[in-house]
Structures are given as structure tokens and as C-alpha cells.
Amino acid sequence: MTAELGLYIHWPYCAKICPYCDFNVYRDRGRGEEQAALVRAIAADLEAQRALSGDRRLVSIFFGGGTPSLMDPAAAGELIALARGLWTPAEAVEVTLEANPTDAETDRFAAFAAAGVDRLSLGLQALDDASLSLLGRNHDAAEARRAAQVAAATFPRLSVDLIYARPGQTPQAWRDELAEVLDIGAEHVSPYQLTIEAGTAFDRAVRRGTLVPPGDETAAQLYETTQAVLEAAGFTAYEVSNHARGAAARSRHNLVYWTGQDYVGAGPGAHGRLTLDGVRTATFAPAKPADYIAAVAGGRTPAGREPLSATETAEERLLAGLRITEGLSFAEVAALDLSPDHPKVADLVAAGLIAPDRQRLRATPAGRLLLDHVTSRLAT
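Bear in mind that the values here come from a model prediction, so they are computed numbers and not experimental data.

Definitions and cut-offs
Residues numbered from 1 in each chain as written. Predicted model: local features only at pLDDT ≥ 70, side-chain atom pairs only at ≥ 80, totals over all residues. Heavy atoms only, no water. Helix = DSSP H or I, 4+ residues; strand = E, 2+ residues; numbered from the N terminus. Rg over C-alpha atoms; globule rule 2.2 N^0.38 Å. Buried < 20%, exposed > 50% of the residue type's maximum accessible area, 1.4 Å probe, protein only. Contact = heavy atoms within 4.5 Å. Areas by Shrake-Rupley, 256 points an atom, 1.4 Å probe, with all protein chains shown as cover. Lys, Arg positive; Asp, Glu negative; His and termini not counted. Charge placed at Lys NZ, Arg CZ, Asp CG, Glu CD. Domains from an automatic or database assignment. Buried area = accessible area lost by both parts, 1.4 Å probe. Salt bridge = Lys/Arg side-chain N within 4 Å of Asp/Glu carboxyl O. Axes fitted to C-alpha atoms, helices over the stretch in contact; angles between N-to-C directions. Parallel < 35°, antiparallel > 145°, perpendicular 65-115°, else oblique. Left-handed = near helix turned anticlockwise from the far one by under 90°. Nonpolar A, V, L, I, M, F, W, Y, C, P; charged D, E, K, R; others polar. Core = buried A, V, L, I, M, F, W, Y, C linked by side-chain atoms within 4.5 Å. Pairing = 2+ DSSP bridges.

*Asks:* So what about the overall build of the chain? Which residues, and what values?
*Replies:* Along the backbone of the chain there are 15 helices and 16 strands. Relative to the globule expectation of 21 Å for 380 residues, the C-alpha radius of gyration of the chain, 21 Å, shows essentially globular dimensions. Along the first, second and third principal axes, the C-alpha atoms of the chain reach 55 × 50 × 45 Å. Here the chain holds 380 residues, and the buried ones make up 51% of them. The contacts of the chain with a sequence gap of at least 6 include a subset with a gap of at least 24, amounting to 69%. Looking at the chain as shown, the accessible area adds up to about 16100 Å², and 52% of this sits on carbon and sulfur atoms. In the chain, 36 side chains carry a positive charge and 48 a negative one; their mean positions are 2 Å apart.

Shown next, in the form of C-alpha cells:
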């Protein structure tokens, strides 16, 4: 049986750089020619990586960024068609596009659906104007609501992203916000706790004392509120920050990452994981669009490659696998000498952070709340 494969395409341009973002993104100003060249470069990259990977069963395509809803829908359609021609498509290939809910982007939803996108991941982030202003978003709450309603009517599947643990946020306000999101009709909700990444504008604001995130106790209360509200609405927290109403609503693409399957990464700064000659191999591309385009124009494949050791592979599986409810098999972390009887595992089971399962390594609900501690304890 042909091995399964996911495809990630990175579109690095944004209308505005959010103050909490540390992704590989660039301002979308006067870059029309560069963007056209980038589409051609990504296409050439896909062909080169097909030659590298051989035929696989393509199960998902994910346009991330950046803000891929800013790209030409026709270009997205061309890349989707190319990918489906290069690899053997599964019976139902999930095609996801990340989008921001500005009116301009909402007007293009129908064109993206016609191009082959069947799952929209909508970055609402918040539903009140004060929070959206704080987060540096370029849409207001009215636009967010309107975009969500249009998306729900346009795409077969809708996922929404939200950020919680915002300064001054209370559990009751968060409960009300979640309830409003559920009324929109999204079948997948990704609530992310606000994290202060080094080097971002928010990092500088925290160091200046002009931004004060909630303390650990409030953040924990907000996390627990998330679980309670979504669970009561029929959503399962199948991953630490992802909740789906039924198995069919889960992100097929993200499950590629979390279950350790192979995936191609194309676009500036994109990373991938491919099993080549039996060795798990990391691929990576130049971060700057101009460098990525130049690599292709020079006849070079932009994807560098680095074989991973058995230990590195096991560490990656540990970090990703513990994020999902099913966890991972002990066989996948054999290189770390982890087993049901290992003292580290036994201690975490006794503490209620790891499930008492002799076949699979699984975090309990309490362990998922302290997942950084759990993974650090097991990996060192």
C-alpha cells in the first residue's frame, strides 16, 4: 500500500504583521511580481520534491502562512491541480486554506472554493473590537462575524482560530465568546493560549511593562473554561489546542504531523519530513521569498535535507504524539528507552499525568495541562 503524504504550502505575505507573531512572514506591499514568481517557484519545488519522494497517496493540502487568502485564487487552484497530478490523490483529499476575516478576503471565499479548497481555517482570534485592536488585527468584530457566516455557507468544513488568556480577560467573558462562536456553526475550534514569543512586539511590550498577560492561575481557569464549554457542545479535544465535533471534523492535515506521517513542505521557510531509503529526513527551504525564488531560478532544489537520527526521530514523535488524545505507541519512542516500566513513565503515571496504558504513551487531561513539563521530563 502506498504511503500517505501531506503537503504544506507556505504563503509568507501578510497585510499586517501581528505583534504576537513569530512566523516567517513579510508585508504584502508592492510585491505583485515577486508573488507571481513565487507561485512558479513553488510549482517547480513540488515537481522536484515529487522526484525525491516518489509516488505517495496524497491525503491533504494545507495553505498556511502568512495569509494565503491574499493569494490569487486561480494560483491556488493551479497548485492544487498540480499536486493532485504529481502524487496519487486519496479518494477525498482535504484542502485547507488559512484566511483572515477582512471584507476583502471574504469576497474571495467563493473563488477559493471553486479552486478546490474545501476546508477554511478562519483566524477570528477574538470577537470584540478592543481585543482585536490589542492583537493588532486588521479586521473588526463585525467583519469577523460576517466572514464566519459567509465561510460556513461556502465551504463544506469550517475551523475557527481564537486566542485566549488575553490581558484582562475573565472566564465569563471567554465563556460568552465561545458560545457566540459555536452559534456561527463551525465544526472545528482551535483555541490557542496567548504566548509571548521572544523577539515579537508583544515580547518587547511585556519587558517594558506595558502589556501584562494573565497569571498562571487565571490562564488555567481559562483553559478549563475552554474544555468545559466545548465539551458540553459536543466537541472533543482530540489535540491540546484543537476541538472537533465528530471525527470527520478533525484536521486531516494536522493529524499527519501529530501521527508522524510524511509531509512535503514547499514555499519560503517551509519544513517537511520525508522517509527516504528508510531514514526519516528533515527538509527545509530558504526563509526569504527572494532567496527561495532564486534557488529555483538557478536550477537548484530549494529543499535542503538532513537525515534524522533514531533519537531525534523519537524526540519528535514524543513532542507531537503526546499532543493528541490517542498518544503514541511505546515502540515509536524505543530509541529513548521509554517503556511502561521506565521510572520516568511510572512516576508520571503515579502523578496522574500519564495514563496507565502498557501499549501507548498518553497524557491524561491533567498531563495535557502540563504538557511542557511532561515532555521535558520524558525527553531528558
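*Asks:* Account for the domain arrangement of the chain, naming residues and giving values.
*Replies:* Domain annotation of the chain identifies domain 1 (4-256) and domain 2 (310-379). Relative placement of domain 1 and domain 2: their C-alpha centres are 28 Å apart. Each partner contributes residues to the interface: domain 1 has nine residues there, and domain 2 has seven residues. In total, about 710 Å² of surface goes out of reach between domain 1 and domain 2, with carbon and sulfur atoms giving 51% of it. The three residues of domain 1 that bury the most area against domain 2 are Tyr 223, Glu 239 and Val 240, which together make up 55% of that side's buried surface. At the junction of domain 1 and domain 2, the tally comes to two salt bridges.

*Asks:* Quick rundown of the packing of helix H13 (residues 343-350) against helix H15 (residues 371-379)? Include the residues and the values.
*Replies:* For the pair H13 and H15, interaxial distance at closest approach is 9 Å and the crossing angle is 155°. Taken together, H13 and H15 sit at an angle that is classed as roughly antiparallel. Regarding H13 and H15, the two cross each other, and that crossing is right-handed. Contacts between H13 and H15 involve Lys 344, Val 345, Asp 347 and Leu 348 on the former and, on the latter, His 373, Val 374, Arg 377 and Leu 378. Looking at the contact of H13 with H15, its residues break down into four nonpolar, one polar and three charged.

*Asks:* Which residues make up the side chain of Arg 317, and what values do they have?
*Replies:* Along the polypeptide, Arg 317 turns up in helix H12 (residues 310-321). Residue Arg 317 is classed as buried on the basis of its relative accessible area of 9%. Ignoring sequence-local partners within four residues, the contact set of Arg 317 consists of Tyr 257, Trp 258, Thr 259, Gly 260, Leu 322, Leu 328 and Glu 332.

*Asks:* I'd like a rundown of the nonpolar core, residues and numbers included.
*Replies:* Within the largest apolar cluster, 69 residues are counted, with the highest numbers of intra-cluster contacts made by Ile 61, Phe 63 and Leu 122. Residues within four places of Leu 122 in sequence aside, it is in contact with Ala 99, Asn 100, Pro 101, Phe 109, Ala 147, Ala 148, Leu 158, Ser 159, Val 160 and Asp 161. In terms of nonpolar packing, the next biggest core, distinct from the first, is built from 18 residues, Leu 348, Ala 363, Val 374 and Leu 378 among them.

*Asks:* Residues and numbers for unusual backbone geometry, please.
*Replies:* Glycine aside, a negative phi is what most residues show, and trans is what most peptide bonds show. Omega for the bond connecting Gly 65 with Gly 66 falls within 30 degrees of zero, at 15°, which places this linkage in the cis form. Residue position: Gly 66 is located in the loop between strand S4 (57-65) and helix H2 (73-86). One non-glycine residue, Ala 165, lies in the positive phi region at around 65°. Structurally, Ala 165 is set in the loop between strand S7 (157-164) and helix H7 (171-184). Classification of Ala 165 as buried rests on a relative accessible area of 3%. Even without glycine at this site, Asp 337 takes up a positive phi of about 60°. Mapping Asp 337 onto the fold places it in the loop between strand S15 (328-329) and H13. Exposure remark for Asp 337: the relative accessible area of 58% places this residue in the exposed category.

*Asks:* Report on the packing of H7 against helix H9 (residues 216-232), specifying residues and quantitative values.
*Replies:* At their nearest, the axes of H7 and H9 sit 10 Å apart, and the two run at 30° to each other. As for how H7 packs across H9, the hand of that crossing is right-handed. Of the residues in H9, those touching H7 at Pro 171, Trp 174, Arg 175, Leu 178 and Leu 182 are Gln 221, Leu 222, Thr 225, Thr 226, Val 229 and Leu 230. Residue composition of the contact of H7 with H9, grouped by class: seven nonpolar, three polar and one charged.

*Asks:* Tell me about the environment of Leu 127, and name the residues and values.
*Replies:* Tracing the chain through its elements places Leu 127 in the loop between strand S6 (119-125) and helix H5 (129-134). Put simply, Leu 127 and Val 95 are 32 residues apart on the chain and 26 Å apart in space, counted from C-alpha to C-alpha. Setting aside residues up to four positions removed in sequence, Leu 127 forms contacts with Ala 141, Ala 144, Arg 145, Glu 177, Glu 180 and Val 181.

*Asks:* Please provide a residue-by-residue account of the pairing of strand S1 (residues 4-11), values included.
*Replies:* The two faces of a sheet get side chains in turn, since along a regular strand they alternate between them. Of all eight residues making up S1, seven are buried, and the element is well covered by its neighbours. Bridge analysis of S1 against S4 gives eight bridges, and the strand direction is parallel. Across the sheet, residue Gly 6 finds its bridge partner in S4, namely Ser 60. The pairing of S1 with strand S11 (residues 262-266) spans five bridges and is classified as parallel. Counted as the bridge partner of Gly 6 is Tyr 263 from S11.

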